[in-house]
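Below are the chains, spelled out letter by letter.
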Amino acid sequence: MLFRSIALRTNGYKVEVNFDGSTKVANALKKALRKGCRLAIFLGEDEYNNGTVTIKDLKENKQETISSEDMLLYVDDLFDNGGCTCGCESGECTCGGNN
C-alpha cells in the first residue's frame, strides 16, 4: 500500500496512511469525514491476500473492491468526473482544480 500511496501523492492527491491496526474502521471513517476527505481506501488482510483494495466514496456513500494495480486509474477517473485532485470537497481547494 505504501507504493500505491506514493503514486497517489505523486499525482497530486493528499494521502494519509494509517498502519496502526488498533484503529477501528468506524473511527478512521469519522476522522476522514471530519477532514473533508472524498475517499477512504482500505487494504486489509483479505484485500492484501487477493491483490485488491476497497475504495469507499464518502460523498456518495458507495464502496467498491478493485485490483490494487488499478487504484490510481480508478481514482483519476473518479476525480476527472468533476472532482478535485486534492479531494477537498469542502470548498477549500488547495490544488487549483475544479471543486
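Numbering of residues starts from 1 in every chain and runs along the sequence as written. This being a predicted model, a pLDDT of at least 70 is required before a residue's local features are given, and a value of 80 or more before pairs of side-chain atoms are given or counted; all residues contribute to the totals for chains, interfaces and linings. Side-chain metrics in this entry use all non-hydrogen atoms of the structure; hydrogen atoms and water are not considered.

Engineer: Would you mind going over the pattern of salt bridges with me for this structure?
Structural biologist: Pairing between side chains of opposite charge can happen when their charged atoms approach one another. Any Lys or Arg side-chain nitrogen found within 4 Å of a carboxyl oxygen on Asp or Glu counts as a salt bridge. Enumeration over the complete set of coordinates arrives at three salt bridges. The partner of Glu16 in a salt bridge is Lys31, with the nearest N and O atoms 2.9 Å apart. Pair noted here: Glu16 is in the loop between helix 1 (2-10) and helix 2 (25-34) and Lys31 is in helix 2, with a separation of 15 residues, a long-range link. For Glu16, a relative accessible area of 52% puts it in the exposed group. Relative accessible area decides the class of each residue, using a 1.4 Å probe on protein chains only: under 20% of the type maximum gives buried, over 50% gives exposed, and in between gives partly exposed. On the accessibility criterion, Lys31 (36% relative accessible area) is partly exposed. Here Lys35 ties to Glu16 by a salt bridge, and the two come within 2.5 Å at their closest N and O atoms. Of the two residues, Lys35 is situated in the loop between helix 2 and strand 1 (39-42) and Glu16 in the loop between helix 1 and helix 2; the sequence distance between them amounts to 19 residues. When salt bridges that share partners are traced, they join Glu16, Lys31 and Lys35 into one network. Here a helix means four or more residues in a row that DSSP labels H or I, a strand means two or more in a row labelled E, and each is numbered from the N terminus.

Engineer: Got a minute to help me understand the sheet that holds strand 2 (residues 52-57) in this structure?
Structural biologist: Strands qualify as paired when DSSP identifies two bridges or more between them. The three strands are arranged 1-2-3 in an open sheet whose pairing can be described as antiparallel. Edge positions in the sheet fall to strand 1 and strand 3 (62-67), since each has one partner strand and no second. Each strand of the sheet is rotated relative to its neighbour by a mean of 20°, with strand direction disregarded. Pairing geometry for strand 1 and strand 2, over four bridges, is antiparallel. Across the sheet, residue Ala40 finds its bridge partner in strand 2, namely Lys56. Axis definition: a line fitted to C-alpha atoms, over the contacting stretch in the case of helices. Angles run 0 to 180 degrees between N-to-C directions.

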